[in-house]
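Breakdown of the fold
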Amino acid sequence: MKKNILIIHTGGTISMHVNEETGAVVPDDINPLTRESEKLQKFANTTEIDAFNLPSPHMTPDHMLQLRTIIMNTLDHNTFDGVVITHGTDTLEETAYFLELTLNTSIPIILTGAMRSSNELGSDGIYNLVAAIRVASEDKAHGQGVLVVMNDEIHAAANVTKTSTSNVATFQSPQYGPIGLITVSTIHFHHSAIFREYVEVQQLTKRVAMLKTYAGMDADIVEAISLADYDGVVIEGLGQGNVPPSIVPGIKKLLANGIPVVVVSRCFNGIAQGVYGYVGGGKMLEDLGAIYTTGINGQKARLKLLVALNQVDCSIDLPAFFHSN
Ligand SMILES: NC(=O)C[C@H](N)C(=O)O
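Given the structure is predicted, the values throughout are model-derived calculations rather than measurements. (Residues numbered from 1 in each chain as written. Predicted model: local features only at pLDDT ≥ 70, side-chain atom pairs only at ≥ 80, totals over all residues.)

Overview of unusual backbone geometry
Note the threshold: Every helix listed is a DSSP run of H or I at least four residues long, and every strand listed is a run of E at least two residues long, numbered separately from the N terminus.
Within the chain, Asn-78 stands out as a residue other than glycine whose phi angle is a positive 55 degrees. With respect to the helices, strands and loops of the structure, Asn-78 is situated in the loop between α2 (61-76) and β5 (82-86). In this structure, Cys-314 takes a positive phi of about 50 degrees despite not being glycine. Within the secondary structure layout, Cys-314 lies in the loop between α8 (298-309) and α9 (318-323).

Given below as structure tokens:
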């Protein structure tokens, strides 16, 4: 029997076209995906809503929170068996991870997008949308958390990242791989999402900054952040999570002011951890009170800290929360 699937459009290349005169890819006034609505009925009973029409670099955590509210409201009415969200690919992994952390449901929530706009040769939008609807209709997708479906692969929100600027195979899960694949006739889950956590948030009033480290980094960048009004800072460290010595005084100042500092690695494989005891080494930063996190990238650690700092009952033990995934 066909399932009832809610499709929430948010914008992105999947809802854009190329202007033949200028060559620029731009949003449409009318979402081109709505021309395809009838075709989708072959796969599920679909209901579509246009939540936003935003290029995904315009997405903010407040938009993500609005999306969460839309989904929570529909779940309350038990109308849908699954939800598909169309989204720009640039920040798709961030919205997916935000929803993974803040939605407490077992029904499939699938994000998808496109690398080629609606009127480009080899456009992948409608293909990915159909694949996402098929996965959202699968019983095996229940309880797997928020998933990303692109290019015939299924990825867990916590692991997936955009790896190529333009290739249709851009979404990868470094060190873990996809958890499933899609063929013409089957949807095959070969792994399960291993760890899920839920944080209740109603509003996002706290701010979290993120900094990428590099050789020869100047001290003033961290100093500036410590003077600005941030409630938390994520640092993308080098290697196992080490930083140039120049920024250690700034980090000390943040910690002394009670601002949590979470360290991830700018490497896309492996786990950041306190190993080195030299100035700026991870062991030294950990001893100072910096929090190391296991395996998520900087943009996701930033959302995780944002969600933790905005948690409704403020009960999260930050180091434990960051060591859990
Ligand atoms: N392929 C895409 O969707 C990229 C686009 N810039 C976006 O994220 O909105």
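Here the narrative resumes.
With respect to the UniProt feature "domain: Asparaginase/glutaminase C-terminal" (unreviewed entry) in the protein chain
Threshold: UniProt positions are given in the numbering used here, feature names are shortened, and annotations may be inferred rather than shown by experiment.
In the numbering used here, UniProt assigns the feature "domain: Asparaginase/glutaminase C-terminal" (unreviewed entry) to residues 207-311. Secondary structure over residues 207-311 splits into 34% helix and 17% strand, and the C-alpha atoms at its two ends are 13 Å apart.

Describing the site of the ligand
How we decide: All residues are tested the same way: a C-beta atom is placed from the backbone, and lying within 6 Å of a molecule or strand makes the residue near it. Residues are grouped as follows: nonpolar covers Ala, Val, Leu, Ile, Met, Phe, Trp, Tyr, Cys and Pro; charged covers Asp, Glu, Lys and Arg; every other residue, Gly included, is treated as polar.
Taken together, the residues surrounding the ligand are Gly-12, Thr-13, Pro-55, Ser-56, Gly-88, Thr-89, Asp-90, Gly-113, Ala-114 and Met-115. Here the shell around the ligand is built from residues that sort into 3 nonpolar, 6 polar and 1 charged.

Some thoughts on the pairing of strand β15 (residues 261-265)
As a reminder of what qualifies: Counting other C-beta atoms within 10 Å of each residue's C-beta, where C-beta atoms are placed from the backbone, gives the exposure class: buried for 20 or more, exposed for 12 or fewer, partly exposed between. By this definition, two strands are paired if DSSP reports at least two bridges between them. With strands facing away from the observer, any crossover in which the path from the first strand over the helix to the second runs clockwise is taken as right-handed.
Taking burial as the measure, the 5 residues of β15 include 5 buried ones, the bulk of the element. Residues Val-261, Val-263 and Ser-265 point to one face of β15 and Val-262 and Val-264 to the other, with burial holding for every one of them. One ladder, built from 5 bridges, connects strand β14 (residues 232-237) with β15; its direction is parallel. Within β15, the residue paired with Glu-236 across the bridge is Val-264. As a crossover connection, the stretch from β14 through helix α6 (residues 248-256) into β15 is right-handed. Bridge count between β15 and strand β16 (residues 291-292): 2 bridges; the pairing is parallel. Bridge pairing in β16 places Val-263 opposite Tyr-292. Remark: the β15/helix α7 (residues 282-288)/β16 crossover connection has right-handed handedness.

Observations concerning the domain arrangement of the protein chain
As a reminder of what qualifies: Note that the domain bounds were set by an automatic or database domain assignment.
Once the domains are mapped, the protein chain shows domain 1 (4-189) and domain 2 (208-323). Taking the mean C-alpha position of each, domain 1 and domain 2 sit 30 Å from one another. If one sorts the elements of the side of domain 1 that touches domain 2 by residue count, helix α3 (residues 92-102) sits on top with 5 residues. Class assignment for the residues of the side of domain 1 that touches domain 2 results in 6 nonpolar, 3 polar and 1 charged.

Comments concerning the sheet that holds β15
As summarised here, the arrangement of the 4 strands in space is β13-β14-β15-β16, forming an open sheet in which the pairing is parallel. The two strands at the open ends of the sheet, each matched to only one other strand, are β13 (208-212) and β16. Two elements, β13 and β14, share 5 bridges in a ladder whose sense is parallel. Across the sheet, the residue bridging to Lys-212 is Glu-236, located in β14.

Some details on the nonpolar core
Operational definition: Linking buried Ala, Val, Leu, Ile, Met, Phe, Trp, Tyr and Cys residues through C-beta atoms within 7 Å yields a set, and such a set is a nonpolar core. With C-beta atoms placed from the backbone, a contact is any residue pair whose C-beta atoms sit within 7 Å.
Val-135, Leu-147, Val-148 and Val-263 are the most contacted members of the largest nonpolar core, which has 78 residues in total. Ranked by the residues each element gives to this core, the list is headed by helix α4 (residues 125-136), at 7 residues. Looking at which domains feed residues into this core, each of domain 1 (4-189) and domain 2 (208-323) supplies at least three. For Leu-147, the contacting residues outside a window of four places in its chain are Pro-108, Ile-110, Val-135, Ala-141, Ile-154, His-155, Ala-156 and Ala-157.

What to know about the pairing of β5
Of all 5 residues that make up β5, 5 are buried, and the element is covered over most of its length. Burial along β5 is two-sided: the residues Gly-82, Val-84 and Thr-86 and Val-83 and Ile-85 are all buried. Relative to β5, strand β1 (residues 4-9) runs parallel, the two sharing 5 bridges. Along β5, the bridge assignment pairs His-9 with Thr-86. After leaving β5, the chain enters α3 and then returns to the sheet as strand β6 (residues 109-112), a path that is right-handed.

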